[in-house]
Amino acid sequence: MSKVNSDAEILEFAISKEIEAYHLYLALARHVASLKMRGVLEDLAVEELKHRQRLELEMMKMGRTVTGEGRPTRPDTDYILSDNNMPLEMDYKDILLLGMEKEEVSFRTYVTLVANMHEEESQVLLLALAEEEVRHKLRLEAEYNELFGQPRDSE
């Protein structure tokens, strides 16, 4: 993330990341055979939308209008993982690993954003969202551990 100048820009950035996460989880859900895990991934997508709503509410409290400009829209194909337009094609183990990694990055991002946020109420929100991202990671880790044992980089 490039340097941001205001609390509103921090919240806009966080909103865009929640939208991306929503689309990612829906795409991942389409690639799993397990109905249980499909449900978990779809639940995570819904939770990411709730995060978005909480962030947008925080922006409205600041007197800012929430717009859709500059935000990711629903991809035409399955979620694109990189700038080279490579479609999502992975096995179940890799899907779980990707989800865990994404949640770890989200957690660290929120913790970093808190340090740049000026409004105390917004800081509290970002910390709460960081905590929720950790819970998401734990849900994915539980499934991974049940099927494959400890992740290779876990200590």
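The model shown is predicted, which means the values in this text are computed figures rather than measured ones.

Moving on: the pattern of salt bridges. One pass over the full model with this rule turns up 15 salt bridges. Note that E47 is salt-bridged to R139, the shortest N-O span being 2.9 Å. Here the residue E47 occupies a position in helix α2 (residues 35-61), and R139 occupies one in helix α4 (residues 120-148), the gap between them amounting to 92 residues. Owing to a relative accessible area of 30%, R139 belongs among the partly exposed residues under this scheme. Salt bridges sharing partners connect three or more residues here, namely E48, K102, E103 and E133.

Going through the model one piece at a time under the given rule, you end up with 1 aromatic pair. Taken together, a centroid distance of 5.2 Å and an interplanar angle of 50° make the contact between Y144 and F148 tilted. With Y144 and F148 both in helix α4, this residue pair falls 4 residues apart, about one helical turn. Classification of F148 as partly exposed rests on a relative accessible area of 36%.

Let's shift gears to the packing of α2 against helix α3 (residues 92-116). Look at α2 against α3: their axes get within 13 Å of each other, and the N-to-C directions meet at 20°. Judged on the interaxial angle alone, α3 and α2 are roughly parallel. Crossing of α2 over α3 shows left-handed handedness. Across the interface between the two elements, M37, L41, E48 and L55 of α2 pack against Y92, I95, L96, K102, E103 and Y110 of α3. Residue composition of the contact of α2 with α3, grouped by class: 7 nonpolar, no polar and 3 charged.

Calculation notes
Residues numbered from 1 in each chain as written. Predicted model: local features only at pLDDT ≥ 70, side-chain atom pairs only at ≥ 80, totals over all residues. Heavy atoms only, no water. Salt bridge = Lys/Arg side-chain N within 4 Å of Asp/Glu carboxyl O. Helix = DSSP H or I, 4+ residues; strand = E, 2+ residues; numbered from the N terminus. Buried < 20%, exposed > 50% of the residue type's maximum accessible area, 1.4 Å probe, protein only. Phe/Tyr/Trp six-rings, centres within 6.5 Å; stacked < 30°, edge-to-face > 60°. Axes fitted to C-alpha atoms, helices over the stretch in contact; angles between N-to-C directions. Parallel < 35°, antiparallel > 145°, perpendicular 65-115°, else oblique. Left-handed = near helix turned anticlockwise from the far one by under 90°. Contact = heavy atoms within 4.5 Å. Nonpolar A, V, L, I, M, F, W, Y, C, P; charged D, E, K, R; others polar.

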